[in-house]
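Residues per chain are reported as follows:
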Amino acid sequence: LGSIVSQEALNAGICAAVHPECECDTTCFMRATVKSLAGATAVWSALGFTHGNLNCDNLRLDGSLLDLNVASFIDAYDPFYSPNMLDEEGIYSFG
């Protein structure tokens, strides 16, 4: 029971800190998080930011993008550009 209470307290604290407007409503919190992450990803992509592996462990609930290990900016649109030098198959290409 203690871990359930602790998890609920953690969830409430995160919700209050990140999206206080949601008043700890889970649906509101998830929608706000997705909207924030989608907006951040769209803006960075529009600026030519490329990330070699933008997945869930590189994103934060507040909409921040982290883990810039394999990342760069491209000067001109190139759908085949990949910032990952080991990506010979183009799995992480911009386009």
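Residues numbered from 1 in each chain as written. Predicted model: local features only at pLDDT ≥ 70, side-chain atom pairs only at ≥ 80, totals over all residues. Heavy atoms only, no water.

A.B. asks: A description of helix α2 (residues 26-46) should follow, citing residues and the corresponding values.
C.D. replies: An α-helical turn contains 3.6 residues, so any two residues separated by three or four positions project in the same direction. A rise of 1.5 Å per residue sets the reference length of α2, with its 21 residues, at 30 Å; its end C-alpha atoms lie 30 Å apart and thus fit the reference within 8%. Turning to α2, its buried residues are F29, A32, T33, L37 and A40. Taken end-on, α2 shows its buried residues confined to a sector of 125°, consistent with a single buried face. Structural note: α2 exposes R31, V34, K35 and A46 on the side pointing more than 90 degrees away from its buried face. (Helix = DSSP H or I, 4+ residues; strand = E, 2+ residues; numbered from the N terminus. Expected span 1.5 Å × (residues − 1). Buried < 20%, exposed > 50% of the residue type's maximum accessible area, 1.4 Å probe, protein only. Arc of directions from axis to C-beta.)

A.B. asks: Give a description of the side chain of T33 that names residues and reports values.
C.D. replies: Here T33 shows up in helix α2. By relative accessible area, T33 is classed as buried at 4%. Apart from the residues within four sequence positions on either side, T33 is in contact with H19 and L61. (Contact = heavy atoms within 4.5 Å.)

A.B. asks: I'd like a rundown of unusual backbone geometry, residues and numbers included.
C.D. replies: Non-glycine residue E23 carries a positive phi angle of around 50°. Given the relative accessible area of 70%, E23 is considered exposed. The phi angle at C24 is positive, at roughly 65°, despite the residue not being glycine. Secondary-structure assignment places C24 in the loop between α1 (2-18) and α2. The partly exposed category is assigned to C24, whose relative accessible area is 39%.

A.B. asks: Kindly report on the environment of T50, identifying the contributing residues and their values.
C.D. replies: Secondary-structure assignment places T50 in strand β1 (residues 49-51). A sequence separation of 16 residues divides T50 from L66, and the C-alpha atoms of the two residues are 13 Å apart. In this view, T50 contacts V70, A71, S72, I74, Y81, P83 and F94; residues no more than four positions away in its chain are not counted.

A.B. asks: Go over the state of the cysteines with me, naming the residues and quoting the values.
C.D. replies: Under the criterion given, the structure shown has one disulfide. With a sulfur-sulfur separation of 2.3 Å, C22 is cross-linked through a disulfide to C28. As the torsion about the S-S bond is roughly -65°, the C22-C28 disulfide counts as left-handed. Judged by relative accessible area, which is 4%, C22 ranks as buried. (Disulfide = S-S within 2.5 Å.)

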